[in-house]
Amino acid sequence: MASKTLSIFLSPLCLPQNSTTRLPKLYKKPTLILCRFSHSQQTHNNTPLSDSHLPEPQPEPLGVGAAAPTPGDRFLERHRSVEASKLLLKEKKKKKKEKPLKLSTAIASCYGCGASLQTSELDAPGYVDPETYALKKKHHQLRSVLCGRCKLLSHGHMITAVGGNGGYSGGKQFIMAEQLREKLSHLRYENALIVKLVDIVDFNGSFLARVRDLAGANPIILVVTKVDLLPKGTDFNCVGDWVVEATMKKKLNVLSVHLTSSKSLVGITGVASEIQKEKKGRDVYILGSANVGKSAFISALLKLMAEKDPVAAAAQKYKPIQSAVPGTTLGPIQINAFLGGGKLYDTPGVHLHHRQAAVVHSEDLPALAPQSRLRGQPFPNSQMLSENGSAGNIVSNGLNGFSLFWGGLVRIDVLKVLPETRLTFYGPKSLKIYMVPTDQADEFYQKELGVLLTPPTGKEHRDDWRGLEMVHQVQINIKDLKRPACDVAISGLGWISVEPASRSTNNSDSNLEEAAGELQLAVHVPKPVEIFVRPSLPVGKSGAGWYQYRELTEKEEETRPRWYF
């Protein structure tokens, strides 16, 4: 019985010897059939067979004989098991993906300010009516929701939300300035293109001196905003060269410099071309200090890009909100603006404690923003001489012994200047300038603060005002009487051009020797506010006449960023 079973096993086909039936040829070529034996079967062939050496019969789970599964059955069964395992994997992946979806709906953001949507606190940023939120969530339209605060801001309401170091007094403080900075900390570790905005009216105060801590080694496109506010007749060739010279001292990875105006769209086309050229599939982040004009710049950029890019045209419908309130944007806002990949991000403004906006009340913030083209206010001037009772002293001694108040925010004591020295103020027109003798300056400030000297405005804000606690001593060395000696820039406000002598008079070299080291000023500002002494910004028709271009070396010409207007 054992030998018969073995012979049946060894023979793949067992046919009768006298069979005359001819089988059809299934293969044209002979096929080699290999049988794999287990170790026990190989040893069994080499030893004589006996009942004691026969393997014990094992149960056939799949059946034997006619009940045995065919190769086709095995293939189908294997195929079904593979498909079933794929379905299980897909279900597991779906379950994993469902968790981020729940999180994304929970932290859906307002497209106007980037604040997380919520339905609990009515006065807080991101508030949405519960019924509206439920309806938008049901139809997967949370990205098209504008929060209640943004609706009020769009109608001119002044609603601040940022507190802490660099935040704003007055109103509720829902988020700290330090928290907004933390939202930008990841930029230095990403491969991104940075578009950095600087306000030309407050160039030094809005430049972000520690921008390297935020941007890392990423390339930067420097965009100078609000150039339409510069005085009429300004030569932008001189301004562009001045900006590049100031930027070179920062030692940043700046690709190019662009002079722009979001209001008139001047220079925006050049920025759009530069972004498309340098983007290279990377995300683009708009970075800048608070109230520098990032949201207005993005709106102008999308408007021009929409002419050729349908994706940018669609993004115009849900663009960030614009407001005069610093701290309008409270979170990163993703904008699908590029057809070729990469995202555009509007980021929260970096709130700087050393700007005037950080010390005034929120109701006085509009007074710090120029609304029209700047016009320099020179002192002394003919109108002041006719109105001032001490006109004779001014003609003979100049501004020596006088103090000038720029609203209630700045006081300048003129300690020692030439008789012909002139100070020209460039800043918002709402801040009036008053001049009194220095020995009467303290009494005048205490009497007129909140009345003539504003901001602060009103008795309530005046009582909370801490005064001009910081005094900066400024000593100016004169190099050329035919050009302004320098600018004294007040962070967050504007600047004062110091002209040692009138350009209309003839000044000899002997006068220059006498005037050397003659200019001394004392600048009083609130405690955190900083001042910057810088080379004069060439503005107005006269700027092109006295501005001097620096001769560059071959290496500087290669590495120096280009500027465009």
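Structure first, text after, so check above.
Figured I'd write up the structure that's included with this text.

Conventions we followed
- Residues numbered from 1 in each chain as written.
- Predicted model: local features only at pLDDT ≥ 70, side-chain atom pairs only at ≥ 80, totals over all residues.
- Heavy atoms only, no water.
- Pairing = 2+ DSSP bridges.
- Helix = DSSP H or I, 4+ residues; strand = E, 2+ residues; numbered from the N terminus.
- Axes fitted to C-alpha atoms, helices over the stretch in contact; angles between N-to-C directions.
- Core = buried A, V, L, I, M, F, W, Y, C linked by side-chain atoms within 4.5 Å.
- Buried < 20%, exposed > 50% of the residue type's maximum accessible area, 1.4 Å probe, protein only.
- Contact = heavy atoms within 4.5 Å.
- Salt bridge = Lys/Arg side-chain N within 4 Å of Asp/Glu carboxyl O.

1. Structural notes on the sheet that holds strand 18 (residues 531-534)
Logical step 1: Across the sheet, which stays open at both edges, the five strands sit in the order 9-12-16-15-18 with antiparallel pairing between neighbours. Looking along the sheet, the strands with just one partner apiece sit at the ends: strand 9 (377-379) and strand 18. Across this sheet, the average inter-strand angle for adjacent strands is 20°, counted without regard to direction.
Logical step 2: Looking at chain direction, strand 9 and strand 12 (residues 422-426) are connected through three bridges and run antiparallel. The partner of Pro-378 across the bridge, within strand 12, is Thr-424.

2. Regarding the nonpolar core
Logical step 1: Counting 47 residues, the largest nonpolar core has Trp-406, Val-410, Phe-425 and Ile-490 as the members making the most contacts within it.
Logical step 2: Residue contacts for Val-410: discarding those within four places in its chain leaves Gln-356, Leu-404, Phe-405, Leu-468, Ile-490, Leu-493, Val-523, His-524 and Val-525.
Logical step 3: Grouped together as the second largest cluster of nonpolar side chains are 28 residues, Val-201, Val-244, Val-254 and Tyr-426 included.

3. Details of unusual backbone geometry
Logical step 1: A cis amide bond links Phe-379 to the next residue, Pro-380, at an omega of -5°.
Logical step 2: Relative to the helices and strands, Pro-380 is located in the loop between strand 9 and helix 12 (382-387).
Logical step 3: With an omega of -10°, the peptide bond running from Thr-454 to Pro-455 counts as cis.
Logical step 4: Residue position: Pro-455 is located in the loop between helix 14 (441-448) and helix 15 (458-464).
Logical step 5: Backbone geometry at Leu-265 places phi at a positive 65°, although glycine is not the residue there.
Logical step 6: Here Leu-265 is to be found in the loop between strand 5 (254-259) and helix 9 (268-279).
Logical step 7: One non-glycine residue, Lys-280, adopts positive backbone phi at about 55°.
Logical step 8: Mapped onto the secondary structure, Lys-280 falls in the loop between helix 9 and strand 6 (283-288).
Logical step 9: Exposure remark for Lys-280: the relative accessible area of 65% places this residue in the exposed category.

4. A closer look at the sheet that holds strand 5
Two orientations exist for strands paired in a sheet by backbone hydrogen bonds: parallel and antiparallel.
Logical step 1: Reading across from one edge, 7-8-6-3-4-5-19 is the order of the seven strands in this open sheet, with mixed pairing throughout. Because the sheet does not close on itself, it has two edges, and the strands there are strand 7 (333-335) and strand 19 (562-564). On average, each strand axis in the sheet is inclined to that of its neighbour by 25°, with strand direction left out of account.
Logical step 2: By the bridge criterion, three bridges tie strand 6 to strand 8 (residues 344-346) in an arrangement that is parallel. Within strand 8, the position partnered with Tyr-285 by the bridge is Tyr-345.
Logical step 3: Where helix 10 (residues 294-305) meets the sheet, its contacts fall on strand 3 (192-199), strand 4 (220-225), strand 6, strand 7 and strand 8, and the angle it forms with strand 8 comes to roughly 150°.

5. A short note on the pattern of salt bridges
Logical step 1: Within this structure, the stated rule accounts for 13 salt bridges.
Logical step 2: Ionic pairing is found between Arg-355 and Asp-202, a salt bridge with its closest N-O pair at 3.0 Å. Pair noted here: Arg-355 is in the loop between strand 8 and strand 9 and Asp-202 is in the loop between strand 3 and helix 7 (211-215), with a separation of 153 residues, a long-range link.
Logical step 3: Taking the relative accessible area as the measure of exposure, Asp-202 reaches 5% and is therefore buried.
Logical step 4: For Arg-210, the salt bridge is made with Asp-213, and the minimal N-O distance between the two is 2.9 Å.
Logical step 5: What makes Arg-210 exposed here is its relative accessible area of 65%.
Logical step 6: What makes Asp-213 partly exposed here is its relative accessible area of 33%.

All we've got here are geometric facts, nothing functional implied.
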